[in-house]
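A structural walkthrough
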Amino acid sequence: MGEHQFREHTALHPDHLWIWRKAVYVDENQRTWLPIVNETESCLQVLMRQEDVPRGEAMRPSQLPPSPLPLMWQLYPGRRYRGSDSSFWRIVYHIEFNGVEDMLLEQLPCAE
């Protein structure tokens, strides 16, 4: 069996995530994050995957299609983010596996 490197991040969450263009966010270290949205009847979740992709030209918010996601997230105390639309998002997990970072965010309040 091959060896897999697995580690959970405890304090390395991006401080900010800004929308750059459709389906691409950029953090304060210029790393790109791709959102995968999962919407259920009771909850909105987004898996943010850190993947290096060509950024291309930044788009203005008015050029972007409608989205349930905020234009920007800011890290707040208590393992959560606050969106530019005043929404709060809980960090469900933030892991790195084989060099790929995944961070699952869940919009609050969320029925459990």
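Predicted, not measured: the structure shown is a model, and the values here were computed from it.

1. Notes on the pairing of strand S8 (residues 88-97)
Moving residue by residue along a regular strand, the side chains alternate between the two faces of the sheet. One ladder, built from three bridges, connects strand S7 (residues 80-83) with S8; its direction is antiparallel. Following the sheet pairing, Arg-82 is matched in S8 by Phe-88. Relative to strand S9 (residues 100-108), S8 runs antiparallel, the two being bridged by nine bridges. Among the inter-strand pairings, Phe-88 is bridged to a residue of S9, identified as Leu-108.

2. Quick word on the pattern of salt bridges
The full count for this structure, using the stated rule, is four salt bridges. Notably, a salt bridge pairs Glu-101 with Arg-31, separated by 2.6 Å at the nearest N-O pair. Taken together, the residues Glu-101 in strand S9 and Arg-31 in the loop between strand S3 (24-27) and strand S4 (32-39) connect sequence positions 70 residues apart. With a closest N to O distance of 2.7 Å, Arg-49 and Asp-102 form a salt bridge. With Arg-49 in strand S5 (residues 44-50) and Asp-102 in strand S9, this pair connects stretches of sequence that are 53 residues apart. Since its relative accessible area comes to 28%, Arg-49 is described here as partly exposed. Judged by relative accessible area, Asp-102 falls into the buried class, the value being 12%. Residues joined in a network through salt bridges with shared partners are Asp-27, Arg-31 and Glu-101.

Thresholds, definitions, all that
Residues numbered from 1 in each chain as written. Predicted model: local features only at pLDDT ≥ 70, side-chain atom pairs only at ≥ 80, totals over all residues. Heavy atoms only, no water. Pairing = 2+ DSSP bridges. Helix = DSSP H or I, 4+ residues; strand = E, 2+ residues; numbered from the N terminus. Salt bridge = Lys/Arg side-chain N within 4 Å of Asp/Glu carboxyl O. Buried < 20%, exposed > 50% of the residue type's maximum accessible area, 1.4 Å probe, protein only.

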